[in-house]
Amino acid sequence: MEVASPARRGLPVFFFLMDIQLGCLLLAILGFYLVSMEVSFLGDRIWLQLLLGLLGAIVTFAVVLILARSESLFGKILRHHCAQLTRLFSRLSSSQMVWVALAAGVCEELLFRGFLQSWFSQLSTPFLGLLGASLIFALLHCASWVYFCLTFMIGLVLGIFYQMSGGLVGVIIWHAIYDLLAIFAMVRFPHLLGLYSRSTN
């Protein structure tokens, strides 16, 4: 009997995760189609955006590592979520992890920062637009109050960076690289997050 390769065994999870990102992309495209507004993809000083996006992803990842390893209630709940996500992501091959992280960076930032934050800012003020988009971002990632708080803060940081840079490329890089670091840490180096035994299926 032929044994499926790890990449083929992970295809159902991979397609499930990519379908979520496709949904975000389609919602963003629909929003841009229905609402008349200008959104800059590149913005100003693209190389600075790329550099700050990379540094921001590394710093964000380091902060999450510190929080996950803490013995506080916040840290314990965060480790529990990481353990659950490890079981999910461990089914993916390395190339699938890269594609999932890249898709999340592009599709989620187009929806939450590119469309929602810009649209809410047009309807009200840039501050309320930032809060509104970050709140929805957190609610759609909400698995507990810990995960809500964490994703809300990350959404605020990404939203502020988007407002300051004037373009999406920096927040896309930030989001994609952070997700890639987090996924690889959960699957390949779980001890970094305080998960001392790798989950297997």
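Residues numbered from 1 in each chain as written. Predicted model: local features only at pLDDT ≥ 70, side-chain atom pairs only at ≥ 80, totals over all residues. Heavy atoms only, no water.

### A closer look at the nonpolar core
Then, in step 1: If you look at the biggest cluster of nonpolar residues, it comprises 48 residues, and the most contacted ones within it are Leu78, Phe89, Leu92 and Leu193.
Then, in step 2: At the level of elements, helix 2 (11-34), helix 3 (46-69), helix 4 (73-89), helix 5 (94-123), helix 6 (126-139), helix 7 (145-165) and helix 8 (169-188) are the ones that each hand at least two residues to this core. (Core = buried A, V, L, I, M, F, W, Y, C linked by side-chain atoms within 4.5 Å. Buried < 20%, exposed > 50% of the residue type's maximum accessible area, 1.4 Å probe, protein only. Helix = DSSP H or I, 4+ residues; strand = E, 2+ residues; numbered from the N terminus.)

### Focus on the layout of surface pockets
Then, in step 1: Within this model, the largest pocket holds a volume of roughly 910 Å³.
Then, in step 2: In this structure, the largest pocket is lined by 38 residues; those nearest its centre are Leu85, Phe89, His141, Tyr147 and Asp179.
Then, in step 3: Looking at the lining of the largest pocket, the elements that each hand over two or more residues are helix 2, helix 3, helix 4, helix 5, helix 7 and helix 8.
Then, in step 4: With 8 residues, helix 8 is the largest single contributor of residues to the lining of the largest pocket.
Then, in step 5: Taken together, the residues of the lining of the largest pocket break down into 30 nonpolar, 6 polar and 2 charged. (1 Å grid on protein atoms, 1.4 Å probe; cavity = no way out; pocket = protein on both sides within 12 Å on 5 of 7 lines; lining within 4 Å. Points joined across faces, edges and corners; volume = space filled by probe spheres on them. Nonpolar A, V, L, I, M, F, W, Y, C, P; charged D, E, K, R; others polar.)

### Brief notes about the state of the cysteines
Then, in step 1: Inspection of every chain in the model, using the stated rule, returns 0 disulfides.
Then, in step 2: The closest cysteine sulfur to the non-disulfide-bonded Cys82 is located on Cys149, 15 Å from its own sulfur.
Then, in step 3: Unpaired in terms of disulfides, Cys142 finds its nearest cysteine sulfur in Cys149, a separation of 8.7 Å. (Disulfide = S-S within 2.5 Å.)

### A word on the packing of aromatic side chains
Each pair of aromatic rings is reported with the distance of its centres and the angle of its planes.
Then, in step 1: Inspection of every chain in the model, using the stated rule, returns 8 aromatic pairs.
Then, in step 2: Ring centres 5.7 Å apart and planes at 55° place the aromatic pair Phe14 and Phe15 in the tilted group.
Then, in step 3: According to the relative accessible area criterion, Phe15 is partly exposed, its value standing at 46%.
Then, in step 4: Ring geometry for Phe115 versus Trp119: centroids 5.4 Å apart, planes at 15°, classification stacked. Remark: Trp119 and Phe115 occur in helix 5; sequence separation between them is 4 residues, near one turn of the helix.
Then, in step 5: Connected via pairs of aromatic rings, a cluster forms that spans Phe32, Phe115, Trp119 and Phe120.
Then, in step 6: Cation over ring: Arg113 sits above Phe137, and NZ or CZ is 4.6 Å from the ring centre. (Phe/Tyr/Trp six-rings, centres within 6.5 Å; stacked < 30°, edge-to-face > 60°. Lys NZ or Arg CZ within 6 Å of the ring centre and 35° of its normal.)

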